[in-house]
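Chain by chain, the residues:
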Protein chains: 2
Amino acid sequence: MTKAGYHHGDLRRTIVSAAVEAIGESGLDGWSLRELARRAGVSHAAPAYHFGDKAGVLTAIAADGFGLLADALEEAQPDFLAAGVAYVGFAVGHPVHFSVMFQPALYRPDDETLRAAETRAAEVLRKGSNAVPGAAARPGDATLAAWSIAHGFASLWISGALRMPPDADPVEAARPVLRLLVGDHGSQ
Amino acid sequence: MTKAGYHHGDLRRTIVSAAVEAIGESGLDGWSLRELARRAGVSHAAPAYHFGDKAGVLTAIAADGFGLLADALEEAQPDFLAAGVAYVGFAVGHPVHFSVMFQPALYRPDDETLRAAETRAAEVLRKGSNAVPGAAARPGDATLAAWSIAHGFASLWISGALRMPPDADPVEAARPVLRLLVGDHGSQ
DNA sequence: CAGCCAACTTGCCAATGACAAGATATCGCA
DNA sequence: TGCGATATCTTGTCATTGGCAAGTTGGCTG
């Protein structure tokens, strides 16, 4: 609900973008509110007005992230394998959002905007998880397995633990891996 | 190679323990070198002598973590499902180590001690991964899948994203989930 | 045009990370 | 035993930061 056209225009969004960029460059604790203010050309306390503190900025990033993730997953429906691949694609494409999202200690998990996006993303996962072999017997486990393998692959890729060649395509690398769990059922 | 019996005795280990504890209480950026120094009863600059900076402390934590992980995995050999369960058990039992380990931006990935432990842990994964169905065709993918599902489950559990009841046992919850990938082959 | 309020700014303080220089205890060695 | 070398720790310092309080600006409304 940011009203555009004030002193700066849309400082809120500017700050979030700058934060994502800064974190991408210098890591999760290589940024400061004051640096964001400088980048945006405002005074050192301006960010605090919109976000309160650092956790506020990270809350906004996480909320954006869950929104983007939900979008990506919904677009891949109803092909569940494609949804898994999309999960990895989102994570690798937005590593800062992804990293923040799954460290709730960094932000305010009870934020309203955030929880809405979070719920939306979780729904897509639950809906499509019956494509996993053996899902009928224990549907909860199938959801967990699918979520886990996509999340794990994405996390490991981002962290660099997989030591892939720099030009490797994470999305194409993920597909055969996810297929080992989901099988060749493909859609539905 | 810390020689014990100096002024403090074993400040290096004391600081690492205090850091793990502090991070566990207040999160990854809720601690300071000065706080660790106070807890250990030394001057504010003492930690810097042993670790240089914050990244140095986190490097030590990550190295310890990879060592502990390698121990846990080796103990579970040759049952690959058990190794997966052990992976989750380590992560949930040492969430601070686990979180740090897979955020290389926080520490110095080229540290010697660290790389040794890291390599040892990676070896165990590679060795046992042929228990995954379809592993013969694409052994690399089977390793990735197994690592991903265990890593993903652990990460999601620690982050709280799974919204499990507080008394739930992560290790027992993981077993049927991992079995969906590994199958009932059990050992070797 | 008068007042109101959102959107900033200015000023401030304790805490921190990092560095430099000094102090001290232990150890090797004559 | 004594002495110097060295690892370990302390003291002092400085720029930077997060966060708070209080002031200011500029558009909007009635």
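Residues numbered from 1 in each chain as written. Chains lettered and ligands numbered in written order. Predicted model: local features only at pLDDT ≥ 70, side-chain atom pairs only at ≥ 80, totals over all residues. Heavy atoms only, no water.

1. With respect to the interface of chain A and chain B
For step 1, the next point in the chain: Chain A puts 31 residues into the contact, and the matching count from chain B is 31 residues.
For step 2, the next point in the chain: Both faces considered, chain A and chain B share a buried interface measuring about 2,600 Å² in area, 72% of it formed by carbon and sulfur atoms.
For step 3, the next point in the chain: If you sort the residues of chain A by the area they bury against chain B, A:L144, A:L156 and A:L180 come out on top, with a joint share of 20%.
For step 4, the next point in the chain: Along the contact surface separating chain A from chain B lie five residue pairs in polar contact (both at pLDDT 80 or more).
For step 5, the next point in the chain: Of all elements in the fold, only α8 (139–159) and α9 (170–182) of chain A reach the threshold of two or more residues within the side of chain A that touches chain B.
For step 6, the next point in the chain: Considering each element in turn, the side of chain A that touches chain B owes the most residues, 13 residues, to α8(A).
For step 7, the next point in the chain: In terms of residue class, the side of chain A that touches chain B is built from 20 nonpolar, six polar and five charged. (Contact = heavy atoms within 4.5 Å. Buried area = accessible area lost by both parts, 1.4 Å probe. Polar contact = N/O pair within 3.5 Å; in protein donor to acceptor, adjacent residues only side chain to side chain. Helix = DSSP H or I, 4+ residues; strand = E, 2+ residues; numbered from the N terminus. Nonpolar A, V, L, I, M, F, W, Y, C, P; charged D, E, K, R; others polar.)

2. Concerning the relation of the copies chain A and chain B
For step 1, the next point in the chain: Least-squares fitting of chain A to chain B yields an RMSD of 0.0 Å, with the superposition described by an axial translation of 0.0 Å and a rotation of 180 degrees. Such a combination of rotation and displacement between the chain copies is what one expects of a two-fold axis. (Least-squares fit on C-alpha atoms with pLDDT ≥ 70 in both.)

3. Thoughts on unusual backbone geometry
Residue and element names in this part refer to chain A.
For step 1, the next point in the chain: With a phi close to 50 degrees, R163 is a non-glycine residue in the positive phi region.
For step 2, the next point in the chain: Structurally, R163 can be placed in the loop between α8 and α9.
For step 3, the next point in the chain: The exposure class assigned to R163 is exposed, which follows from its relative accessible area of 59%. (Buried < 20%, exposed > 50% of the residue type's maximum accessible area, 1.4 Å probe, protein only.)

4. Things to note about helix α2 (residues 33–40) of chain A
All names here are of chain A.
For step 1, the next point in the chain: For α2, every residue scored as buried is listed here: L33, E35, L36, A37 and A40.
For step 2, the next point in the chain: The inward-facing, buried residues of α2 abut α1 (11–26), α3 (46–51) and α4 (54–76).
For step 3, the next point in the chain: Phi turns positive, to about 75 degrees, at G41, one or two residues after α2.

5. Examining the protein's contact with DNA strand D
For step 1, the next point in the chain: In the vicinity of DNA strand D, 22 residues are found, and the nearest of them are A:R34, B:S43, B:H44, B:Y49 and B:H50.
For step 2, the next point in the chain: For DNA strand D, the backbone makes up 60% of the atoms found within 4 Å of the protein, where backbone means sugar plus phosphate.
For step 3, the next point in the chain: In this structure, B:S43 approaches DNA strand D through a main-chain N or O atom, which is 2.6 Å from a phosphate oxygen.
For step 4, the next point in the chain: In this structure, B:H44 approaches DNA strand D through a side-chain N or O atom, which is 3.4 Å from a base oxygen.
For step 5, the next point in the chain: Elements with a contribution of two residues or more to the surface near DNA strand D: α2 of chain A together with α3 (46–51) of chain B.
For step 6, the next point in the chain: When its residues are assigned to classes, the surface near DNA strand D shows nine nonpolar, eight polar and five charged. (Near = heavy atom within 4 Å.)

6. Brief notes about the side chain of B:S148
For step 1, the next point in the chain: Here B:S148 is to be found in helix α8 (residues 139–159).
For step 2, the next point in the chain: Here B:L144 takes part through its backbone oxygen, which lies 2.6 Å from a polar atom of the side chain of B:S148.
For step 3, the next point in the chain: With sequence-adjacent residues up to four places away left out, B:S148 is seen in contact with A:S148, A:I149, A:G152, A:F153 and A:L156.

7. What to know about the nonpolar core
For step 1, the next point in the chain: Counting 130 residues, the largest nonpolar core has A:I61, A:F153, B:I61 and B:F153 as the members making the most contacts within it.
For step 2, the next point in the chain: If we ignore the near neighbours within four places in the chain, the residues touching A:I61 are A:V16, A:A19, A:V20, A:I23, A:H97 and A:V100. (Core = buried A, V, L, I, M, F, W, Y, C linked by side-chain atoms within 4.5 Å.)

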